[in-house]
Amino acid sequence: MIDAALLAEAEALLALYRARGLRIVTAESCTGGLIAATLTAIAGSSDVVERGFVTYSNEAKTELLGVPAGLIAAAGAVSAEVARAMVEGALGRSPAEVALGVTGIAGPGGATAGKPVGLVFLAAQRRGGAPAVERHVFPGDRAAVRAASVAAAFRLARDAAQS
């Protein structure tokens, strides 16, 4: 079940995108499609949500979004560089005007010495513009990290629509 507050944020974001004539594409890893699912839980979202990529594995990031395998090997799948490459790839494979990307460690496993559970990199890019990338370490369990990632992605999407 999707939190009511997130659904309200999704509805407001969809209204903003409609008013500006924008469409969105998502490229998701640790959220597993939750950004797209939250947006598409709102009736009529198909005029804004163009498509979504769930690229949970490194291979999917490379095959579906064109993220270079060498970049993943050098920076790690959970990195600002990969988040940036994800949105660039999503825009390159979609006619949408704005892309959102997320990669992170939702937990409870997967952490390393330099990359704790809750570490998430989010990116947003408007076609023709530079990507905005944010680093967060969200507290809580897997569900809390994923929900916080969706909320942060919606904020980035609002910023991208207004740029």
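The structure this text deals with has already been given above.
The structure reproduced in this document is the subject of the present report.

With that out of the way, let us pick up the overall build of the protein chain. Helix and strand counts for the protein chain stand at six helices and five strands. Written out in order from the N terminus, the α and β elements of the protein chain read α-β-α-β-α-α-α-β-β-β-α. Since a compact globule built from 163 residues should have a radius of gyration of about 15 Å, the 14 Å found for the protein chain is in line with a globular shape. For the protein chain, the spread of C-alpha atoms along the principal axes amounts to about 45 × 30 × 25 Å. Taking all 163 residues of the protein chain together, the buried fraction comes to 47%. Sequence-distant contacts in the protein chain: of pairs separated by 6 or more residues, those separated by 24 or more amount to 66%. About 7000 Å² of surface is accessible on the protein chain, with carbon and sulfur atoms providing 57% of the total.

Right, let's talk about the nonpolar core for a bit. Formed by 32 residues in total, the largest nonpolar core has its most connected members in Tyr17, Ile24, Ile35, Leu39, Leu100 and Leu122. For this core, the elements supplying multiple residues, two or more each, are helix H1 (4-20), helix H2 (34-40), strand S3 (98-104), strand S4 (119-126) and helix H6 (142-162). A total of nine residues in this core trace back to one element, the largest contributor, which is H6. For Ile24, the contacting residues outside a window of four places in its chain are Tyr17, Leu39, Val48, Val49, Glu50, Arg51, Ala96, Val98, Leu100 and Ala157. Membership of the second largest hydrophobic core comes to 21 residues, among which are Leu65, Ala77, Ala85 and Ile105.

If a strand is regular, its side chains alternate between the two faces of the sheet. As paired strands, S4 and strand S5 (residues 132-137) are joined by six bridges and run antiparallel to one another. Looking at S5, one finds that Ala124 is bridged to Ala132. Where S4 folds back onto S5 in an antiparallel hairpin, the turn is made up of five residues, including Gly128, whose phi is positive at roughly 90°.

The next subject is the sheet that holds S3. Read across the open sheet, the five strands follow the order S2-S1-S3-S4-S5; overall the sheet is mixed. Every interior strand has two partners, whereas the edge strands, strand S2 (49-54) and S5, have only one. Strand-to-strand twist across the sheet, computed as the mean angle between neighbouring axes with direction ignored, equals 15°. Strand direction decides the pairing type here: strand S1 (residues 24-28) and S2, joined by five bridges, are parallel. From the neighbouring strand, Thr26 faces S2, where its bridge partner is Gly52.

Reading guide: rules and limits
Residues numbered from 1 in each chain as written. Predicted model: local features only at pLDDT ≥ 70, side-chain atom pairs only at ≥ 80, totals over all residues. Heavy atoms only, no water. Helix = DSSP H or I, 4+ residues; strand = E, 2+ residues; numbered from the N terminus. Rg over C-alpha atoms; globule rule 2.2 N^0.38 Å. Buried < 20%, exposed > 50% of the residue type's maximum accessible area, 1.4 Å probe, protein only. Contact = heavy atoms within 4.5 Å. Areas by Shrake-Rupley, 256 points an atom, 1.4 Å probe, with all protein chains shown as cover. Core = buried A, V, L, I, M, F, W, Y, C linked by side-chain atoms within 4.5 Å. Pairing = 2+ DSSP bridges. Axes fitted to C-alpha atoms, helices over the stretch in contact; angles between N-to-C directions.

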